[in-house]
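Each chain, written out:
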Amino acid sequence: MTSETPAGDEGSLDDHSAASGTDWRERSKTLRSDGGERIDDSRSSPELRSDGGTEAEGPDDVALDPWGSSTVSDYRTLFEQFGIEQFDEVLADVPNPHYLLRRGVIFGHRDYRPVARAMREGEAFAALSGFMPTGDPHIGHKLVFDEIIWHQQQGGDAYGLIADLEAHSARELPWDEIDEHATNYVLSLLALGFDPEAGELYRQSENRAVQDLSFELGAEANFSELQAIYDFDGETDISHMQSVVTQMADILYPQLEEPKPTVIPVGPDQDPHMRLARDLAARMRYFGVTRAYASFAVTETERELLGDAYEALDADLDEDERIRCIEAADWIEAEIVPDEVRQRVVEKLRSAGKEPLRPRTRFLDRNATEAAFEALIEAVDGEKRVYDEHIDSFDLDRETAAELAREVELANGGYGFLPPSSIYHRFMTGLTGGKMSSSIPASHISLLDDPEDGYDKVKAATTGGRETAEKQRELGGKADECPVYELYAYLLAGDDDEFAKDVYDECVGGERLCGGCKEQAAELMEQFLEDHQEKRDEWADELDELDIDLDSDRKG
Ligand code: TRP
Ligand code: SF4
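Residues numbered from 1 in each chain as written. Chains lettered and ligands numbered in written order. Predicted model: local features only at pLDDT ≥ 70, side-chain atom pairs only at ≥ 80, totals over all residues. Heavy atoms only, no water.

Caption draft 1: Geometry of the sheet that holds strand E7 (residues 287–292). Spatial strand order, E7-E8-E10-E9: four strands in an open sheet with antiparallel pairing. The two strands at the open ends of the sheet, each matched to only one other strand, are E7 and strand E9 (384–386). The average undirected angle you get between the axes of adjacent strands in this sheet is 20°. Direction of pairing for E9 relative to strand E10 (residues 390–393): antiparallel, over a ladder of three bridges. Among the inter-strand pairings, Lys384 is bridged to a residue of E10, identified as Ser393. (Pairing = 2+ DSSP bridges. Helix = DSSP H or I, 4+ residues; strand = E, 2+ residues; numbered from the N terminus. Axes fitted to C-alpha atoms, helices over the stretch in contact; angles between N-to-C directions.)

Caption draft 2: Layout of unusual backbone geometry. Of note, Asp111 is a non-glycine position whose phi angle comes to about 55°, a positive value. Note on placement: Asp111 falls in the loop between strand E2 (106–110) and helix H5 (113–121). Relative accessible area serves as the criterion here: at 25%, Asp111 is assigned to the partly exposed category. Positive phi values are uncommon outside glycine, yet Asp231 reaches one of about 70°. By the secondary structure assignment, Asp231 is in the loop between helix H10 (223–230) and helix H11 (238–252). (Buried < 20%, exposed > 50% of the residue type's maximum accessible area, 1.4 Å probe, protein only.)

Caption draft 3: View of the confidence of the model for the chain. Chain-level pLDDT for the chain is 89 on average; 88% of the residues reach the 70-or-more range. Across residues 1–60, where pLDDT falls below 50, the model places 169 contacts with residues more than four positions away in sequence or in other chains. (pLDDT = per-residue confidence, 0-100. Contact = heavy atoms within 4.5 Å.)

Caption draft 4: Quick peek at the packing of helix H13 (residues 300–315) against helix H15 (residues 340–352). At a closest axis distance of 10 Å, the pairing of H13 and H15 adopts a crossing angle of 65°. When the axis of H13 is compared with that of H15, the two are roughly perpendicular. Regarding H13 and H15, the two cross each other, and that crossing is right-handed. Counting all contacts with H13, which are made through Thr301, Glu302, Leu305 and Leu306, the residues of H15 involved are Val341, Arg342, Arg344, Val345, Lys348 and Leu349. Residues belonging to the contact of H13 with H15 are distributed by class as follows: five nonpolar, one polar and four charged. (Parallel < 35°, antiparallel > 145°, perpendicular 65-115°, else oblique. Left-handed = near helix turned anticlockwise from the far one by under 90°. Nonpolar A, V, L, I, M, F, W, Y, C, P; charged D, E, K, R; others polar.)

Caption draft 5: Up close: the site of ligand 1. In the vicinity of ligand 1 there are 14 residues, among which Gly130, Glu166, Gln247, Asp250 and Gln270 approach most closely. Glu166 has a polar side-chain atom sitting 2.8 Å from a nitrogen atom of ligand 1. Contact between ligand 1 and Gln270: a nitrogen atom at 3.0 Å from a side-chain N or O atom of the residue. In the complex, the protein chains occlude 97% of the 360 Å² of accessible area that ligand 1 would expose alone. A class-by-class count of the residues in the shell around ligand 1 yields seven nonpolar, five polar and two charged. (Near = heavy atom within 4 Å. Polar contact = N/O pair within 3.5 Å; in protein donor to acceptor, adjacent residues only side chain to side chain. Areas by Shrake-Rupley, 256 points an atom, 1.4 Å probe, with all protein chains shown as cover.)

Caption draft 6: Region of interest: the pattern of salt bridges. If you walk through the whole model with that rule in mind, you get 31 salt bridges. The closest approach of N and O atoms between Lys457 and Asp449, which form a salt bridge, is 2.7 Å. Each member of the pair, Lys457 as well as Asp449, carries the same accessibility label: buried. When salt bridges that share partners are traced, they join Arg102, Arg103, Asp495 and Asp497 into one network. (Salt bridge = Lys/Arg side-chain N within 4 Å of Asp/Glu carboxyl O.)

Caption draft 7: Up close: the pairing of E2. When you tally the buried positions in E2, you get five out of five residues, the bulk of the element. Relative to E2, strand E1 (residues 85–86) runs antiparallel, the two sharing two bridges. Following the sheet pairing, Gln86 is matched in E2 by Gly108. Examined bridge by bridge, E2 and strand E11 (residues 421–425) share four bridges and lie antiparallel to one another. Note that in E11 the partner of Arg110 across the bridge is Ser422.

Caption draft 8: Spatial organisation of the nonpolar core. Among the nonpolar cores identified, the biggest contains 69 residues, and Phe87, Tyr112, Val186 and Tyr485 are the most heavily contacted of them. In terms of residue count, helix H20 (residues 483–492) provides more of this core than any other element does, eight residues in total. Both domains that meet at this core, namely domain 1 (2–16 + 83–285 + 419–428) and domain 3 (441–543), each give it at least three residues. Excluding residues that lie within four positions of it along the chain, Tyr112 makes contacts with Phe87, Val90, Val94, Met119, Trp150, His151, Val263, Ser421 and Ile423. (Core = buried A, V, L, I, M, F, W, Y, C linked by side-chain atoms within 4.5 Å. Domains from an automatic or database assignment.)

Caption draft 9: How the structure looks around the site of ligand 2. Within the structure, ligand 2 sits among Thr463, Gly464, Gly465, Gln472, Cys482, Val484, Tyr485, Cys507, Arg512, Leu513, Cys514 and Cys517. Sorting the residues of the shell around ligand 2 by element identifies H20 and helix H22 (514–540) as the ones contributing at least two each. In terms of residue class, the shell around ligand 2 is built from seven nonpolar, four polar and one charged.

Caption draft 10: Inspection of the side chain of Arg285 at higher detail. Tracing the backbone shows Arg285 in the loop between helix H12 (271–283) and E7. Residue classification places Arg285 among the buried positions, given a relative accessible area of 10%. A distance of 2.7 Å separates polar atoms of two side chains, one belonging to Arg285 and the other to Glu409. Non-local contacts of Arg285, meaning those with residues more than four positions away in its chain, are made with Arg366, Asn367, Ala405, Arg406, Glu409, Gly416 and Phe417.

Caption draft 11: Highlighting the sheet that holds strand E4 (residues 157–162). On the basis of which strands lie adjacent, the open sheet formed by seven strands has the order E1-E2-E11-E6-E3-E4-E5 and mixed pairing. Both edges of this open sheet fall to E1 and strand E5 (200–203), since each of them pairs with a single strand only. The pairing of strand E3 (residues 126–131) with E4 spans six bridges and is classified as parallel. Across the sheet, Ala126 pairs through a bridge with Asp157, a residue of E4.

What follows is the structure, encoded as structure tokens:
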């Protein structure tokens, strides 16, 4: 999107399916298998919504736009179309999972396994997320605060950053407002339990290391790429583009001193950033490690074809016999349907002629300095062949080779980045139904709301209840479509699964009526806000001692 994109709402978008239920695991399965249909159901029967809930908009395509107002009407698309993986599948590997993980509020991830492994094995890992200081922090942001803090408590290096450059460039916010909001984000993060001594808080504009890294990363990305990913065009500000490479640097910042598994907790609207960051991390690497079969360079699809030929021919060979490239060419021509890939592979094989086809581990020179390439040649033990842009090893397996490549890279001035991981939380439903939005005060609860206003907003919320108490007793409430139930599951029940489950069961079983349910939720919300704000006040007195400058003297 260009800078004309209307301001959206970060970390706050909607979905009508609450993430939890009687059986958390069952619920997330339901969301996977029939989420779309269920959501459509609720749309076709808006009359069933009891207290004036606005009807949701029609289902739209899932568009992941970091600066637009993304909605996710069907989480399946994120798995199928974007390749986000289901969090369910790694949950069992995570020690002491946080309730947001247990309840499926965090529904997806990219590559979380290395983080979970580091956590289990007591090895170094990090968690980082960033906040655009465009408004007050609200209960949607609390999800991310909690995720950072939980990872810190599990032993990770934790980072919370204020995306002030992004707010200034992509949202055109003046610096005095940015400062005010930045302070509010920092205070809430601290009040919820972030330990600033163990972790790091920073603002993009003040972090020289991030700026320097962003400059280096910018050398690996070009305009066409940003255009394809973010829909940028000729009208897009340069500063906006700069804020993208700044975010890339934020994401890799925890690995500046040494590479380590790093998780970035975000909403799914940030996924385009994650994909680019993972790409750039790989592009910065000195060496790529792949499998290969012959001396010449191949693409991935070409390599697969070589692999097939090798497997087939190898099966009929005696120990001391060798497969020649030319034989592989014959095999491929006989067995594989002609297409461009086949054509190219056959040509390469024919020009290699009698060269033996032999599996090997290949180090590709991606971004290495000459000295690093020389050092790698030295470091590869056993049988090897050295070419202009790659080294083939016949003795090292890929894992050992990857480790060696990273060691040599680090010893020779490279970063050795691991691809960053991410976890994705569901967008919360607005209290008035539809989307939770920073620009609609009644739709969300700000962490700065007067506790009594918080109470009132919950009392005025839309529910998944029936139009009469009688019907509710008979049919049960629709907890899965109820923003109030969501408040319990995402926040009010805290760590108490039993409590959240009871609310759910009582609701769908018809024992719980909305009036009392909302009263209870409203009181809990009021209490939460009181406690939270008390802690904020305590931290406010200590802000000066922190390492983060909350008064910028920038103009504009
Ligand atoms: N772009 C994010 C947002 O819109 C903020 C952000 C900046 C961020 N840097 C980050 C998020 C690094 C995660 C990691 O809210
Ligand atoms: Fe929602 Fe509670 Fe009413 Fe159930 S009883 S629909 S959870 S407000």
